[in-house]
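This is what each chain is made of:
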Amino acid sequence: MCSALAVLCLLLLHTGAQGFGILPGKSLDHLEITAKAILEATVQACRSLAQAEGADFTFPAQPFTAEAVAVACGAPKSSKSFRQAITFIIFRNIRVDIRHALNGSFHFDEEMFVQGRNIITEGIQAVKASNKQENFEAARQKLGEIFHSLQDFYSHSNWVELGNKNPNPNLIRSDTSIGNIAAESRATCRDCDGDDCRNNILEDIIAEGILTSGYFGVVLFVSTKPKGKCSHGGAVDQTSSIEPKGGINKDSLEASHGHLHTEAANMAIAATTELLEDIRGAADDRLFLQMMGISKGSSKALCFVIDTTKSMSDDIAAVKDVTSSIINSEVGTENEPAVYILVPFNDPGFGPLIKTTDPKLFKDVVDSLSASGGGDEEEMSLSGLQLALSSAPSNSEIFLFTDAPAKDKHLKSTVIALMERTQTAVNFMISGSTVLNRRRRSNQNLQNHSRISASDAQLYRDLAQVSGGLAIEVAKSELPVATSIITESSSSSLVTLLQAARTPGKADDFPFIVDETITKLTVYITGRSVTFTLISPTGESQQSTDTTGSLITASTTAGNLKTLQLKNQVGQWEIKMVSTNPYTLKVIGQSPVDFLFDFVEASQGPFKGFDVLDTRPRAGVNGSLLVSLTGSDSAIVREVTLIESSGSQEIKGVVEPQGNGNFLVQVDRIPSVEFVVRVKGRGDGVTPRDLSVFQRQSSTNFRSSNVTITADSNSIMVPGTPFSVPFSVMTTGIGGNFTIRATNNRGFQSTSPANLFLDTGNSANGTVTLSAPLNTPSGTDVTLTIEAEAPGAQDTNYVMLRFSIVNTVTDFTAPVCQLLSLQSNCSDNCSLSTWRFSVRVTDGAEGTGVDRVSLKRGNGTLTTSLAADNENITLASYSASCCSPDMEMLVVDRVGNVGSCFYTVQQNPPAAISVSPRVAQSPLLCLSIVVLGLHILTELGIQ
């Protein structure tokens, strides 16, 4: 609620020694308001979807948790992605306070009601457009931003003081009046009576229902308020010492109007839920749940990036086989992928990206792939990978198939940045032969098979190691065996227990802990001439050359990959590796218990606090992480360690529990070399089935930097309009001429400086300008990566930003329903009688057209079709038993305006149709139902 909040119980925005805590009976904040609204809206969406499918639905126990809601939704394996979505939205909410603390329009301060409402309504349009294109990360980003402004309205304005008991519905609509806003010259407040500000709003303002909000200004920033206006209030607000003194905010129980804090916070929860209901109505339940990270099967994506040049026939056949196998065996099960992604590439092109939730469509697209062309040896593999990384959900796993070097090696650092930010593992399937002259081979004049060169393959190995994936090098004949890893990886709830690489190779020991929740314990080893000894928790050992041991239940070898299935045994294992050649080691299993984390840093703005990093953390200095456990209500974190990826040095952090499964971790030094994050913990021991000790590790390898790069911009682009993104670069390391690279995943035209000169300790500014083509579909998103590389390529950092492209919207009116015909024979015996009617749904002459008509409530049958003479008109027919007397259908236009048409049939008097009183009160419901009700009464002869 307030402009000084806790982020996930710990990201404290404060001005004094004490933060704004979240404890029972204490103040509510944006975190709790947002989480409560999301959980409630998600439960309602799952309940509605279950009813539509004829399934039972059991409400989770209060208070709702992400894990309990995921279980109630029949999607327990979505608990991690659901919690991740909630966390992301909350972080974006809190960022508004850090990035826009003094911009009153984001907080409804200084009577900036029109500007604040514009932020909300424009954001809603972006969310709806993004959902329509299934760009859920962009939708979540914008949701968090507009939630903050919406919630602040109830804390910063006098809406509650005016006696309102419900949210202001006009904050989420562009075509209505927000209310009677105080004129600039009108006085609104008097001095508080000492610390008592209960009656500082003038009586005439209350009596006339005039909207006002407080002015706000902080030390070192010039801020004045007009004579007679209210102040925000609080120690940091310098306007509160200017007459009229005091304030009106309800940010906390201790605030100027803290006596109304709980009422304002509850209204903010209701308003946030109302906004989510509007988003849900525009998207439909299933799409809404996908935006929230909830899917009936796995939360993972099945993502292929594949070379389609002529030498790839065998690889394409293998992809077709594995796709068919996964879809045939997993559709409808808990392991069904949440989304399917395909990006083909060759030379000189790549794409288009195919992203769908329809398994049959994806199978058809993969089946249509064919190998052809290929003018030279190198292909656009990294361009295809960049597109996939920016489109796949975070924490995904991508499989890239190629037998050729990358032609676009300049994208290596951009791809690494995307891997780090999305924490997505990329597995490179490098098949056995590449052709020195593809053009000659395509003419069948030469069959010159030679393996991809060592230096070319090293690029893929490096990228695989950074992402936590594997670089699998196999002959074409070994592809069917190698692709079995895809089937295993498509299973949900995979967790990483250990991952390490040694380049050059050397003998080393690697311990890892297996807990009670782990199943399907698997080891992946890549490398040539690698031997190992496996030691179980009981001390039993097995050599890599021993085929009769009991610890390894199954093993396969394909090229440089060896896969081991291990006996499930709880406790500490150890694997002793021996090789002089480079090798990688990865130990995974299936478990619901995992962790999420972000690097955070102290805010440099007027409020102290923490913000999530969009860049690499600073090298060699102290740092902070926010860690959240998923999949268990009892597990706690005991230890968080940063481990050098290619060595053994460890830096342990100080863990500070924050409640609700969240932990703040402070480390005294961020490593200057690549590192991974390892978490150890245990259950609380309440029940015998609780976890004893568990270990999890990040798959992604992270880097730090002495270069700091920051950028911020409006997150909505308009097609055809140049869009500017200012950025700043600073270094604490070597100074000189820094190389600047700005790339985007859509290939949009852009300009940026090629270089910036920096002195150590100083900063330099630049601007990236990019433009989306006029024909860019509304809801498309673009990921911009701005990189700064130090002289000699000794250091580099980046900042990543995601923007939504939204066409200008002029249609703000929901579709309406018009009666065409009706029939009803309802009687006292409802089981023997039915009622039916048909309506025309139109969006008006100036509207964008009807997009969807769906049944929200009712047990009857709804059918729709386009009018034969006008595709902008939808005809809807409904029939039901008189035992199901109520129905409500949603009508949505192409820009997401949502209307609702509600009908009910009564038994007494017989066969009468009436209009529910709440219909006429809701601005979102179709007024035509009144006509329908009167018409039916007339038809039935009832006056």
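Scroll up a little and you will see the structure.
So, here is what we can say about the structure in this document.

To continue, consider the nonpolar core. Ranked by internal contacts, the top residues of the largest apolar core, which has 62 residues, are L143 and L275. Secondary-structure elements contributing two or more residues to this core are α1 (30-52), α2 (66-72), α3 (79-99), α4 (113-132), α5 (136-156), α7 (261-283) and α8 (285-291). Ranked by residues supplied to this core, first place goes to α1 with 12 residues. With sequence-adjacent residues up to four places away left out, L143 is seen in contact with I89, V127, L275, L276, I279, M291 and M292. Counting residues in hydrophobic clusters, the runner-up holds 35 residues, among them A301, C303, I398 and M419.

Scanning the model with the defined rule gives 22 aromatic pairs in all. Ring centres of F108 and F113 lie 6.1 Å apart, and the angle between their planes is 40 degrees; this geometry places the pair in the tilted category. For F108, a relative accessible area of 0% puts it in the buried group. For the ring pair F428 and Y460, a centre distance of 5.2 Å and an interplane angle of 25 degrees mean the geometry is stacked.

Within the structure shown, the criterion is met by six disulfides. Between the sulfur of C46 and that of C73 lies a disulfide, 1.9 Å long from S to S. Linking C46 and C73, the disulfide has an S-S dihedral of approximately 100 degrees and is accordingly described as right-handed. Of this pair, C46 sits in helix α1 while C73 sits in the loop between α2 and α3, placing them 27 residues apart in sequence. Here C192 engages in a disulfide with C197; their sulfurs sit 1.9 Å apart. Residues C192 and C197 are joined by a disulfide whose S-S torsion is about 110 degrees; by sign, that bridge is right-handed.

This part covers the sheet that holds strand β18 (residues 571-578). The strand order across the open sheet built from four strands is β12-β18-β14-β15, with neighbouring strands paired in antiparallel fashion. One side of each edge strand has no neighbouring strand; the edge strands of this open sheet are β12 (508-514) and β15 (541-543). Averaged over all pairs of adjacent strands, the angle between strand axes in this sheet comes to 20 degrees, irrespective of strand direction. Of the strand pairs in this sheet, β12 and β18 are connected by seven bridges, and their pairing is antiparallel. From the neighbouring strand, I513 faces β18, where its bridge partner is Q572.

Quick notes on the rules
Residues numbered from 1 in each chain as written. Predicted model: local features only at pLDDT ≥ 70, side-chain atom pairs only at ≥ 80, totals over all residues. Heavy atoms only, no water. Core = buried A, V, L, I, M, F, W, Y, C linked by side-chain atoms within 4.5 Å. Buried < 20%, exposed > 50% of the residue type's maximum accessible area, 1.4 Å probe, protein only. Helix = DSSP H or I, 4+ residues; strand = E, 2+ residues; numbered from the N terminus. Contact = heavy atoms within 4.5 Å. Phe/Tyr/Trp six-rings, centres within 6.5 Å; stacked < 30°, edge-to-face > 60°. Disulfide = S-S within 2.5 Å. Pairing = 2+ DSSP bridges. Axes fitted to C-alpha atoms, helices over the stretch in contact; angles between N-to-C directions.

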